[in-house]
Amino acid sequence: NATTRRNNAGSVTGVVGVGQDISELKEVVAESKRVAEDLVRLIETANAPIFGIDTEGKVTEWNTTAARLLGFSKEETIGKDLVKTFITEEFQQSVNEVLSLALMGKDTANFEIALFTKGGERREVLINATTRRGPNNEVTGVIGVGQDIT
């Protein structure tokens, strides 16, 4: 920040400047970005199907293994209702309950569900559903990590 310095007559006699060293802040931001990129790579390349939903139940994450297992690309799933679109009818109510619990901060482990493939085949998947939180600890959705047990 800089401001002019004036004498009693109002004439400019100089400038007063205040600076702040932001080197450490820049390092922290760079490290945060690196960690975020590492986590994205980890999710995308994991050997487990991983999906994410928002608080409305719409798909926000769909990794490579989920795409390979079910035949739907990430682009085909983003924004779709997870339960209505990909869960077999017999499991829709129980999956909704598990996702509702996760949206209230209560994680569920080893929950068995059946998913549809793009070709209409059924896949049995064991899921862990975990609450996803934003920067202010607000619930933003659910992350599901699965294992194909078909």
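As the structure is a computational prediction, the values presented were derived from the model and not from experiment.

### Brief notes about the nonpolar core
The tendency in soluble globular proteins is for nonpolar side chains to be buried side by side.
Logical step 1: The biggest cluster of nonpolar side chains holds 25 residues, and the ones touching the most others in it are Trp-62, Leu-82, Val-95 and Ile-113.
Logical step 2: Contributions of two or more residues to this core are made by strand S3 (50–54), strand S4 (59–62), helix H2 (64–70), helix H4 (82–86), helix H5 (89–103), strand S5 (108–116) and strand S6 (122–133).
Logical step 3: No other element matches H5, which puts five residues into this core.
Logical step 4: Ignoring anything within four residues of it in the chain, the contact list for Val-95 reads Val-83, Ile-87, Phe-111 and Ile-113.

### What to know about the packing of aromatic side chains
Logical step 1: A complete count under the given rule lists two aromatic pairs for this structure.
Logical step 2: Arranged with centres 5.1 Å apart and planes meeting at 40 degrees, the rings of Trp-62 and Phe-86 form a pair that is tilted. With Trp-62 in strand S4 and Phe-86 in helix H4, this residue pair connects regions lying 24 residues apart in the sequence. For the pair Trp-62 and Phe-86, one class covers both residues: buried.
Logical step 3: Where Phe-72 meets Phe-86, the ring centres are 4.9 Å apart and the plane angle is 75 degrees; that geometry is what we call edge-to-face.

### Details of the pairing of strand S1 (residues 2–6)
Sheet faces and side chains relate simply in a regular strand, where the side chains alternate between the two faces.
Logical step 1: Taking burial as the measure, the five residues of S1 include zero buried ones, a minor fraction of the element.
Logical step 2: Of the pairings in the sheet, the one linking S1 to strand S2 (residues 12–17) comprises five bridges and is antiparallel in character. From the neighbouring strand, Thr-3 faces S2, where its bridge partner is Val-16.
Logical step 3: Connecting S1 to the next strand, S2, in antiparallel fashion are five residues, including Gly-10 with a positive phi near 90 degrees.

### Here we look at the sheet that holds S4
Logical step 1: Taken in spatial order, the five strands of this open sheet run S4-S3-S7-S6-S5, and their pairing is antiparallel. Lying at the two open borders of the sheet, with one neighbouring strand each, are S4 and S5. The average undirected angle you get between the axes of adjacent strands in this sheet is 30 degrees.
Logical step 2: Across three bridges, the pairing between S3 and S4 is antiparallel. For Phe-51, the partnering residue across the bridge sits in S4 and is Trp-62.
Logical step 3: Relative to the sheet, H5 contacts S3, S5, S6 and strand S7 (139–148), its axis offset from that of S5 by approximately 140 degrees.

Rules and cut-offs
Residues numbered from 1 in each chain as written. Predicted model: local features only at pLDDT ≥ 70, side-chain atom pairs only at ≥ 80, totals over all residues. Heavy atoms only, no water. Core = buried A, V, L, I, M, F, W, Y, C linked by side-chain atoms within 4.5 Å. Buried < 20%, exposed > 50% of the residue type's maximum accessible area, 1.4 Å probe, protein only. Helix = DSSP H or I, 4+ residues; strand = E, 2+ residues; numbered from the N terminus. Contact = heavy atoms within 4.5 Å. Phe/Tyr/Trp six-rings, centres within 6.5 Å; stacked < 30°, edge-to-face > 60°. Pairing = 2+ DSSP bridges. Axes fitted to C-alpha atoms, helices over the stretch in contact; angles between N-to-C directions.

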